[in-house]
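Understanding the architecture of this molecule
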Amino acid sequence: MEENAYAIALRQFDKAVRYIDLKPGMADYLRVPKRELIVNFPVTMDDGSVRVFTGYRVHHNTALGPTKGGIRYHPSVTLDEVRALAMWMTWKCAVVGIPYGGAKGGVVCDPKALSLRELEKMTRRYATEISVLMSPQGDIPAPDLGTGEREMAWIMDTYSMHRGYSVPAVVTGKPLAIGGSLGRSEATGRGVAITTLEALKRKNIPVDKARVVVQGFGKVGAPAAYLIEERGAKVIAVSDANGGVYNPNGIKIRELLAYAKTCGSVVGYPYAEPITNAELLELECDVLMPCALEKQITAANAPRVRAAIIAEGANGPLTPEADEILVGKGVFIIPDILCNAGGVTVSYFEWVQDLQSFFWSEDEINERLRQIMVRSFNHIARLAYEKEVDMRTAAQILGIQRVVEAVMIRGIYP
Ligand code: NAD
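Residues numbered from 1 in each chain as written. Predicted model: local features only at pLDDT ≥ 70, side-chain atom pairs only at ≥ 80, totals over all residues. Heavy atoms only, no water.

If you look at the biggest cluster of nonpolar residues, it comprises 97 residues, and the most contacted ones within it are Trp88, Trp91, Phe217, Met289, Ile334 and Ile400. When we break this core down by domain, the ones giving at least three residues each are domain 1 (5-13 + 34-167) and domain 2 (187-334). Ignoring sequence-local partners within four residues, the contact set of Trp88 consists of Ala5, Ile8, Ala9, Gln12, Asn315, Gly316, Asp336, Ile337 and Gln396. Val39, Leu114, Ile155 and Met156 belong to the second largest nonpolar core, which has 24 residues in total. (Core = buried A, V, L, I, M, F, W, Y, C linked by side-chain atoms within 4.5 Å. Buried < 20%, exposed > 50% of the residue type's maximum accessible area, 1.4 Å probe, protein only. Domains from an automatic or database assignment. Contact = heavy atoms within 4.5 Å.)

If you want it as structure tokens, here you go:
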């Protein structure tokens, strides 16, 4: 049977803790989520029938602060997947030095198969169900796969209606008009682009010679693609759930974005050839950015991957077997908990701005984000060199060490 995301997250953890001197029992504590909520709730559908949805909210660890993590709408959401994503959030926040613990949520559903009205009702009911955990001081959700600004606005409004006053800081990734942050919508992709530029420097590849391949053209993949293109790289292939497009001479990303917005997919874009998602992952390139789903590169296709750098925009796009094969081939991997941490970083900025009702300029946000991403990249690269481990293990070591330090300083209650 295929290994699930939580088993993968635990294997990565077990590998990293071998390099950390831990008090007995500490690893057992960090391997399990602090709390898990499962909600089954009814929604009246447009045809008058009632449908029961299942949702989750998992808090992995709260040693560093309130929990933070996205909400995923996808038919394949499982409790174990949410657990893995929550655990990765704990290490991710710690890696970039942000005072949050890790959480994640999800609803088992296909948002594309619901009407707008059904989607809103489902979101508001799910928000109400998880409001026992959610609060600006306790747990602050954000967008993930299948959710975006619209859903965050509904969640913020639902929570606020129950309180009787507006609580913008309860959720991040909101529209600007209701307390969202400048720069948030492209922050994850910007972080992917910033860390890719650092990796290119280390591999001595000039950015204007770099050929980039992007899987997934959503909230992460699209900004990552146009921002790296703006820095002079050539994006030669892009895909979404329906398939991909390839042009060895480069694709104009803003043009492709406009096409995809109108047509609902990159497929059929006239200035490139069609390519499947499987073929796209195996294209010869300098940078491969998997920005879609987990487990896209496995032991089966990893030997055929021909990228010099892999920038993990998505969470968990490589299985541990693929990781080992690619590290063995000398591929430079920017691990997810570093590469896509730009999103949570600007979510943190959004939360701080909401709490203070004082908003920053976009330049200030982007510059602070750049500093955090570059500093974290260099810290991890240094640790990888010192400990003679790969970048992922180094990132895990850094994240785990910071959480352990917080746990030890706070002490184990009572
Ligand atoms: P999204 O829903 O905005 O976009 C996902 C994209 O992937 C879409 O273009 C979709 O068509 C494509 N896709 C879906 N299934 C695919 C498949 N089988 N093959 C190829 N493409 C496929 O989601 P997103 O927010 O961009 O999230 C993508 C990944 O990034 C997820 O792993 C998510 O956890 C991670 N992530 C997101 C954020 C964020 O701020 N949104 C932050 C950190 C990490």
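Lining the immediate environment of the ligand, one finds 22 residues, of which Arg72, Asp144, Thr188, Lys219 and Asn315 sit closest. Between the ligand and Gly146 there is a distance of 3.2 Å, counted from an oxygen atom to a backbone nitrogen or oxygen. Between an oxygen atom of the ligand and a side-chain N or O atom of Thr188, the distance comes to 2.8 Å. Burial of the ligand by the surrounding chains reaches 85%, relative to a free accessible area of 820 Å². For the shell around the ligand, the per-class residue count stands at eight nonpolar, nine polar and five charged. Three or more residues apiece are contributed to the shell around the ligand by two domains, here domain 1 (5-13 + 34-167) and domain 2 (187-334). (Near = heavy atom within 4 Å. Polar contact = N/O pair within 3.5 Å; in protein donor to acceptor, adjacent residues only side chain to side chain. Areas by Shrake-Rupley, 256 points an atom, 1.4 Å probe, with all protein chains shown as cover. Nonpolar A, V, L, I, M, F, W, Y, C, P; charged D, E, K, R; others polar.)

For the bond from Tyr413 to Pro414, the omega torsion is 0°, close enough to zero to count as cis. The backbone of Lys295 sits at a positive phi, close to 50°, despite the residue not being glycine. Locating Lys295 in the fold gives a position in the loop between strand 10 (284-290) and strand 11 (306-311). Here the phi dihedral of Glu388 falls at roughly 55°; this positive angle occurs in a residue that is not glycine. Here Glu388 shows up in the loop between helix 13 (362-387) and helix 14 (391-410). Glu388 sits in the exposed class, given a relative accessible area of 72%. (Helix = DSSP H or I, 4+ residues; strand = E, 2+ residues; numbered from the N terminus.)

This next bit is on the packing of helix 7 (residues 221-230) against helix 8 (residues 253-263). Angle between the axes and distance between the axes: these two values describe a pair of packed helices. Two elements in contact, helix 7 and helix 8, have axes whose closest approach is 9 Å; the angle formed by their N-to-C orientations is 155°. Looking at the two axes, helix 7 sits roughly antiparallel to helix 8. Taken together, the residues of helix 8 that come into contact with helix 7 (itself represented by Ala222, Ala225, Tyr226, Glu229 and Glu230) are Ile253, Arg254 and Leu257. Across the contact of helix 7 with helix 8, the residue classes break down as five nonpolar, no polar and three charged. (Axes fitted to C-alpha atoms, helices over the stretch in contact; angles between N-to-C directions. Parallel < 35°, antiparallel > 145°, perpendicular 65-115°, else oblique.)

This paragraph deals with the packing of aromatic side chains. Per the stated rule, a full pass over the model turns up 11 aromatic pairs. Pairing Tyr259 with Tyr269 gives two aromatic rings, centres 5.6 Å apart and planes at 70°, and the pair type is edge-to-face. Of the two residues, Tyr259 is situated in helix 8 and Tyr269 in the loop between helix 8 and strand 9 (273-275); the sequence distance between them amounts to 10 residues. With relative accessibility at 5%, the residue Tyr269 sits in the buried group. Judged by centre distance (6.1 Å) and plane angle (50°), the ring pair of Tyr348 and Phe349 falls under tilted. (Phe/Tyr/Trp six-rings, centres within 6.5 Å; stacked < 30°, edge-to-face > 60°.)

Considered domain by domain, the protein is made up of domain 1 (5-13 + 34-167) and domain 2 (187-334). Between the C-alpha centres of domain 1 and domain 2 there is a distance of 27 Å. With 16 residues of domain 1 in contact, the opposing surface of domain 2 contributes 10 residues. Both sides together, the interface formed by domain 1 and domain 2 hides about 950 Å², and carbon and sulfur atoms give 53% of it. Looking only at domain 1, the three residues that lose the most surface to domain 2 are Ile8, Arg11 and Trp88, adding up to 39% of its buried area. At the surface where domain 1 touches domain 2, the tally comes to two salt bridges. Taking the shortest distance from any N to any O, the salt bridge between Glu294 and Arg72 comes out at 2.6 Å. Where domain 1 meets domain 2, there are five residue pairs in polar contact (both at pLDDT 80 or more). Sort the elements by how many residues they give to the side of domain 1 that touches domain 2 and helix 3 (residues 79-95) lands first, with four residues. Looking at the side of domain 1 that touches domain 2 residue by residue, the classes come out as six nonpolar, four polar and six charged. (Buried area = accessible area lost by both parts, 1.4 Å probe. Salt bridge = Lys/Arg side-chain N within 4 Å of Asp/Glu carboxyl O.)

Before going further, it helps to examine the pairing of strand 10. Among the seven residues of strand 10, six are classified as buried, and the element is accordingly described as predominantly covered. With four bridges joining them, strand 6 (residues 211-215) and strand 10 adopt parallel strand pairing. Bridge pairing in strand 10 places Val213 opposite Leu288. Here strand 10 runs beside strand 11; their pairing, made up of four bridges, is parallel. (Pairing = 2+ DSSP bridges.)

This part is about the sheet that holds strand 4 (residues 101-108). Pairing within the open sheet is mixed, and its five strands lie in the order 1-2-4-3-5. Unpaired on one side and paired on the other, strand 1 (35-44) and strand 5 (139-143) mark the two borders of the sheet. The sheet shows a mean angle of 25° between the axes of neighbouring strands, direction not considered. Two strands pair when backbone bridges link them, and strand 3 (residues 67-74) and strand 5 are joined in this way by five bridges, in the parallel orientation. Note that in strand 5 the partner of Ile71 across the bridge is Pro143.

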